[in-house]
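Geometric and topological summary
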Amino acid sequence: MVSIRNGRKRPSSSWMLHLPLVIGVFLIAIVSFYGGIWVGMRLSGAAASSSSSLRAETNRAAGGDAELEWKSEFGREEFEKRVEAEVTKRLAARRNDHDRDGDGDGDGDGIDALYTDKSHRPRRFPTSIRSFAAGAAIVPKRDFLARFDYGIPMPPSKREDESDPGKDDVLLLYGSDKALPDGGPDAGSADPVYYHDNNDNDNDHDRDRGAPRSSHLPHLSAADATANCSGLNVLFTDSHADIHQCTAIVGNYESYHVQRWLRMNPSKGFSKLDPQLPLHPVGRGLQTNGQDKFSAPEDKYALQNQELLITYFDRLEATLADLRPLARECAGRDNTVVVMVCNTGQSDLLINFVCSAEARGFGGVVRDKVLVFATDRGVYDIATGLGLRAFYDEKIFEQMPEKEAGMYGDKSFTAMMWSKVVTVQLVNRLGHDVLFQDVDLVWYKNPIEFFHDKTNPLYDFDMLFQDDGARSLRYAPYSANTGFYYVRNNDKTKFLFRSLLYLGDMVLSMTSHQQALGALLDEHSSLTGLRVKTLSAVDFPGGYHYHRKKEIEPMRDIVEGRHVPYLFHMSWTTNKKNKLLFLKQMGLWYTHQICEDGGGVGVAKISNGESTMASSCCSAEPLVSCHYSDKPSVKECKDSPKAKNIDAKGKPFWK
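Conventions we followed
- Residues numbered from 1 in each chain as written.
- Predicted model: local features only at pLDDT ≥ 70, side-chain atom pairs only at ≥ 80, totals over all residues.
- Heavy atoms only, no water.
- Phe/Tyr/Trp six-rings, centres within 6.5 Å; stacked < 30°, edge-to-face > 60°.
- Helix = DSSP H or I, 4+ residues; strand = E, 2+ residues; numbered from the N terminus.
- Buried < 20%, exposed > 50% of the residue type's maximum accessible area, 1.4 Å probe, protein only.
- Lys NZ or Arg CZ within 6 Å of the ring centre and 35° of its normal.
- Disulfide = S-S within 2.5 Å.
- pLDDT = per-residue confidence, 0-100.
- Contact = heavy atoms within 4.5 Å.
- Arc of directions from axis to C-beta.

A few points about the packing of aromatic side chains
Enumeration according to the criterion identifies 22 aromatic pairs in this entry. Between Phe 313 and Tyr 502 the ring centres are 6.5 Å apart and the planes differ by 25°, which places this aromatic pair in the stacked class. Taken together, the residues Phe 313 in helix H9 (residues 299–331) and Tyr 502 in helix H16 (residues 491–502) connect sequence positions 189 residues apart. Since its relative accessible area comes to 42%, Phe 313 is described here as partly exposed. An aromatic cluster is built from Phe 450, Phe 451, Phe 484, Tyr 486, Phe 540 and Tyr 566, whose rings are joined through pairwise contacts. Across from the ring centre of Tyr 566, 4.2 Å away, lies the NZ or CZ of Lys 445, which sits over that ring. Across from the ring centre of Phe 653, 4.3 Å away, lies the NZ or CZ of Arg 556, which sits over that ring.

Given below as structure tokens:
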């Protein structure tokens, strides 16, 4: 540094002022250098000590006499190598234990910081997952589903007051502090939701159950638990006896589907669950026995559907022109059309529905509201002879069978399933609500009133289905029976049925529209917000409840008059012959024998009108007869045989 004075340059003397600072820095450097050497020597000694300790420990683990091992098995050099490798391994493990946060400083403060906050209280979950698990609570499932009704059914054999072991509660995770009850981690009821120690919120209920104060989750009502949730994602899951199931929640770009993995290898064809295999991504329909209930349809089904769609679109405008006035007349003031599809083979079941409705006081409603889609000329004559409105187009239904299905899933059955898709889609397209029902059904009460009751908590649902009873994978999650369901007319339901129409190859390959429609219900409820509801099995029972042992008491309530449902649907029965036998002993058969097994066609031809057809076919009282002692019946059928060919383990219904 220089200074300028009187125009002449000369050295400055101010550097003397900084001399003490320079000396101080030099001394600090000297101390740091030798101090570092000293610390290094200490650490080296500690490592050596640790290494020696681990060597001794390793020697002890080897059997207590390392020298003997050197001489007897490896030799000294080989043994030293093995001990050195084990020491290195254990030292690394200890370093990892002391450096759990992964920051390399060995202090372990990161893992603690994940689980504690500024008040040093332990969080219930680490901050590394706080975007979807800032806290948690337990909510009773019945309370939760009553408040957030997504429409799924309870287990078919469970009543409102029965427990569902292992699944009676809901685990609720909070995705932010603001979602916690009462606003945050420092609020009263949120305390045990957020913190793990629960210092101030222990309660007698949890103490009585023996739950430790430091671990139990709080039990809250659905209203309290979700009071500050501005959004709620609900995941339905179940355990399976043959799968050791795990559930992972991943904070990521959000998906509204469950990604499924199994220890199977579907790429190698038929494959069963094998615990030795790695987890592979699979479709939702793959069962542990290797069967895939949702395999992609083959080309042949696509070509079949293509032919059906060509006919559909070629005839569409003419069909709508013919159908529009019939549907409008049936719709009436409440805009509801009762749609039924029938061929001659099942015409006696259609006749019985009309006869039973007349005997039970619903004859006028049925004649006003029912629109029969006849798939052949014979059943068209029967329907009109009974005073019903009917639609028949030979071009559309020329490929439909006249005989009833021999069994569930055969070609006749599958063809009828496709026609049931088209008929509902057409009426729905015309702007009407649709109550679709199969012909093997009897009303106890007028169900149309149920669906139009604005005080009914189910009034806001778009589609409502009878509970099929099956809880198999292919019908999840609604177990919707497509033999009785109600469709409100709106853009969401129109989109659904258009989609189902174009997925005819799926219907054909699966032999039923029930499975295909069930899959679309799940997809559209997520995609468009379609609201789907499975109806109470108590008020809308079917064949599942008739045949299953656990449902015997509810069926007994019906036959003994203690409970009056809206209807009974004789589903879950392999063929029409058995349907008639079961309906007869249930006191639900009102059709004279002359009109059974297609006999109604002949009666229709000689009848001069509605009164003649009805008087020839219908009985004012149920025609009761016993057939099986182990099936529900309105009178004691103790002397009848068991239905061994249907239910090998059947027990007498009447004691």
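Details of the state of the cysteines
Across all of its chains, the model carries three disulfides by this definition. The disulfide bridge from Cys 595 ends at Cys 617, spanning 1.9 Å between sulfur atoms. Looking along the S-S bond of the Cys 595-Cys 617 disulfide, the torsion reads about -75°, which is the left-handed sense. Residue Cys 595 is located in the loop between helix H21 (576–585) and helix H22 (599–606), and its partner Cys 617 is located in helix H23 (residues 610–617); the two are separated by 22 residues in the primary sequence.

A closer look at unusual backbone geometry
That bond from Ala 476 to Pro 477 is cis: its omega, 0°, falls within 30 degrees of zero. Relative to the assigned elements, Pro 477 resides in the loop between strand S12 (463–467) and strand S13 (480–487). Positive phi, close to 50°, is recorded for Ser 479, a residue that is not glycine. Within the secondary structure, Ser 479 is located in the loop between S12 and S13. The phi dihedral of Asp 597 is positive, around 50°, even though this residue is not glycine. Mapped onto the elements, Asp 597 comes out in the loop between H21 and H22.

Structural notes on the confidence of the model for the chain
Scored by pLDDT, the chain has a mean of 82; 75% of the residues are at 70 or more. Taken as a whole, residues 1–12 scores under 50 in pLDDT and shows six contacts with residues more than four places along the chain or in a different chain. In the model, residues 98–108 has pLDDT below 50 throughout and makes 16 contacts with residues more than four positions away in sequence or in other chains.

Here we look at helix H20 (residues 552–559)
Looking at H20, one finds that the buried residues are Ile 552, Met 555, Arg 556, Ile 558 and Val 559. Summarising the axial view, the buried residues of H20 lie within an arc of 155°, below the 170-degree limit, and thus occupy one face. Where H20 is buried, its residues touch helix H19 (543–547) and strand S15 (567–569). Gly 561 sits one or two residues past H20 and shows a positive phi near 80°.

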